[in-house]
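Take a look at the letters that make up each chain.
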Amino acid sequence: MNHKLVAPTPPLGWNSWDCYGAAVTEAEIRGNAEYMAEHLKDFGWSYITVDIQWYEPFANSSQYRAFVPLVMDDYSRLMPAENRFPSAANGQGFKPLADYVHSLGLQFGIHIMRGIPRQATHAATPILGTTATARDIAHPNSICPWNTDMYGVDSSKEGAQAYYDSLFELYAQWGVDLVKVDDIAASRLYDTHQPEIEMIAKAIERSGRPMVLSLSPGPAPVEYAEHFAKHANMWRVTDDFWDLWPLLLDMFDRCRTWQGIPKEGCWPDCDMLPLGHIGIRSVDGGGADRWTRFTPDEQLTMMSLWSIFRSPLIFGGELRDNDEWTLSLLTNREVLRMHRDSYGAREALHRDDLIVWTAQNADGSSYAAFFNVGEQSLSLDLHLEEIDLSGITEGTELWSGTPAELNGNTLRTTIPVHGVRLYRF
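Residues numbered from 1 in each chain as written. Predicted model: local features only at pLDDT ≥ 70, side-chain atom pairs only at ≥ 80, totals over all residues. Heavy atoms only, no water.

This part takes up the overall build of the protein chain. Each helix and strand counted, the protein chain has 12 helices and 21 strands in total. At 22 Å, the protein chain has a C-alpha radius of gyration in line with the 22 Å of a compact globule built from 425 residues. By principal-axis analysis of the C-alpha atoms, the protein chain measures approximately 75 × 40 × 35 Å. Looking at the protein chain as a whole, 61% of its 425 residues are labelled buried. Once local pairs closer than 6 in sequence are excluded, the contacts in the protein chain between residues at least 24 apart make up 72%. Split by element, the accessible area of the protein chain, about 16000 Å² in all, is 49% carbon and sulfur. For the protein chain, the centre of its 34 positive side-chain charges and the centre of its 57 negative side-chain charges are spaced 4 Å apart. (Helix = DSSP H or I, 4+ residues; strand = E, 2+ residues; numbered from the N terminus. Rg over C-alpha atoms; globule rule 2.2 N^0.38 Å. Buried < 20%, exposed > 50% of the residue type's maximum accessible area, 1.4 Å probe, protein only. Contact = heavy atoms within 4.5 Å. Areas by Shrake-Rupley, 256 points an atom, 1.4 Å probe, with all protein chains shown as cover. Lys, Arg positive; Asp, Glu negative; His and termini not counted. Charge placed at Lys NZ, Arg CZ, Asp CG, Glu CD.)

To continue, consider the pattern of salt bridges. Evaluation of the coordinates by the stated rule reveals 26 salt bridges. Across the pair Arg114 and Asp183 runs a salt bridge, and its minimum N-O distance is 2.9 Å. Linking Arg114 in the loop between strand S3 (107-113) and strand S4 (116-117) with Asp183 in the loop between strand S7 (178-182) and helix H7 (194-207), this pair joins segments that are 69 residues apart in sequence. Taken individually, Arg114 and Asp183 each receive the classification buried, so the pair is uniform in this respect. Here the salt bridges share partners, and the residues they tie into one network are Glu334, Arg337, Asp363 and Arg424. (Salt bridge = Lys/Arg side-chain N within 4 Å of Asp/Glu carboxyl O.)

This part is about the UniProt feature "domain: Alpha galactosidase C-terminal" (unreviewed entry) in the protein chain. According to UniProt, the positions carrying the feature "domain: Alpha galactosidase C-terminal" (unreviewed entry) are residues 352-425. Between the end C-alpha atoms of residues 352-425 there is a gap of 24 Å, over a span that is 0% helix and 49% strand. (UniProt positions renumbered as here; feature names shortened; annotations may be inferred.)

Relative orientation of the contacting elements helix H6 (residues 160-174) and H7 amounts to 45°, with a least axis distance of 8 Å. On the basis of their axis angle, the class for H6 and H7 is oblique. In this structure, H6 meets H7 at a crossing whose hand is right-handed. Residues Ala160, Gln161, Tyr164, Asp165, Phe168, Glu169 and Ala172 of H6 form the contact with H7, whose own contacting residues are Glu196, Met199, Ile200, Lys202, Ala203, Ile204, Arg206 and Ser207. (Axes fitted to C-alpha atoms, helices over the stretch in contact; angles between N-to-C directions. Parallel < 35°, antiparallel > 145°, perpendicular 65-115°, else oblique. Left-handed = near helix turned anticlockwise from the far one by under 90°.)

On to helix H10 (residues 296-309), then. Structurally, the α-helix is built with 3.6 residues per turn, so residues lying three or four positions apart point the same way. Here H10 contains 14 residues, and its C-alpha end-to-end distance of 20 Å stays within 8% of the 20 Å for a straight helix at 1.5 Å per residue. The element H10 is extensively covered by neighbouring structure, given that 12 of its 14 residues are classed as buried. Looking only at H10, the buried set comprises Glu298, Gln299, Leu300, Thr301, Met302, Met303, Ser304, Leu305, Trp306, Ser307, Ile308 and Phe309. Arg310, located one to two residues past H10, shows a positive phi value of around 70°. (Expected span 1.5 Å × (residues − 1).)

An order of S14-S15-S16-S21-S18 is seen for the five strands of this open sheet, with the pairing classed as antiparallel. Because the sheet does not close on itself, it has two edges, and the strands there are strand S14 (343-351) and strand S18 (396-397). Relative to strand S21 (residues 420-424), strand S16 (residues 366-372) runs antiparallel, the two sharing five bridges. Residue Tyr367 lies in a different strand from S21, and its bridge partner there is Arg424. (Pairing = 2+ DSSP bridges.)

A word on the pairing of S7. Within S7, five of the five residues are buried, which leaves the element mostly enclosed by the surrounding structure. Across the two faces of S7 the burial is the same, with Leu178, Lys180 and Asp182 and Val179 and Val181 all buried. Note: S3 against S7, five bridges, orientation parallel. Looking at S7, one finds that Ile110 is bridged to Val179. Pairing analysis gives four bridges linking S7 to strand S8 (residues 212-215), with the strands arranged parallel. Opposite Lys180, over in S8, you have Ser214 as the bridge partner. The parallel pair S7 and S8 is bridged by H7, and the resulting crossover is right-handed. (Right-handed = clockwise from strand over helix to strand, strands pointing away.)

Below, the structure is given as structure tokens:
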């Protein structure tokens, strides 16, 4: 099983974190899946992912409750909390929910933390397929600085690989299609956890079920690009991304750092799209229940940068509350075609407040995104040869559908504050 074939193009999906933090319920998962199936599936959106702490019965926001009892099976494996996920009763885990998501023609994902539960370690509970216990394989000095659920797994210990094998055997039985592993791509304490990435990749392989492997949080170190590409399908290039202009501005530098890396099965990840109705029970990002703080032009900028760079597109808002504007951002077929089919994206120009990204398409067309990161409207007269585009005779601005204003090989347009003009030539 070639892991790169699992995600030949960047995944498109929804994740529960931006709206529900650690506290999402089964009803909310099902509701968002139903919306995706009805409104987004035809545009290529497919993943529905339950984010962190689905095994914590009384999670109530994005603030973690420290050292609380977690739901676990007899083999040190965390299980869905039945009060939040009723279909998980009688040891069924996420299989009934995954089956439902699959019945809609979609794919099912879960979030896990790197490592083994601390409560399993303290109780020395068994691990399936080995005589080792949780205490034998835990690395008690390898902790997550922002969550108390887990210890790292010591890859040198007998039983370490068996633990990860048992986890992914379970997830394969449930029908999981994507696993987002946290506290692994980068750490404030320990750098990248490469041995655990390798054990997880091996466990997915052994499970016999194709699963997208997504690594968080960032910023993942670009010097490990080859390691990430060898073992994972997507990895975060940023810490948690929220609806604040300075964070969006910073993403231009991050994308430039990673340009040339995206390729079949290997997608540097700009993190979720904090669009629409977010913060319902998630208080991260400096705001409570709200609609995105990004202006409409900033929303277009984010969608254009993520799409031309070919980051995975993972929507963070409560889908059922989408207005027409928000839905339009997710259903522009020409932008999604660029995201799916283009190649060779790069920063072609950065001059004062103007940043230009270009990409190619196999059909001979070219894409160019002209961003204004300044605080005043930008009138542009740009000779396209400055960004290595020649012989251009016509083009279309993809968000508005209007023809490009071309005079010879010179493009004339006006770009609003924090805004973008995205063309296919």
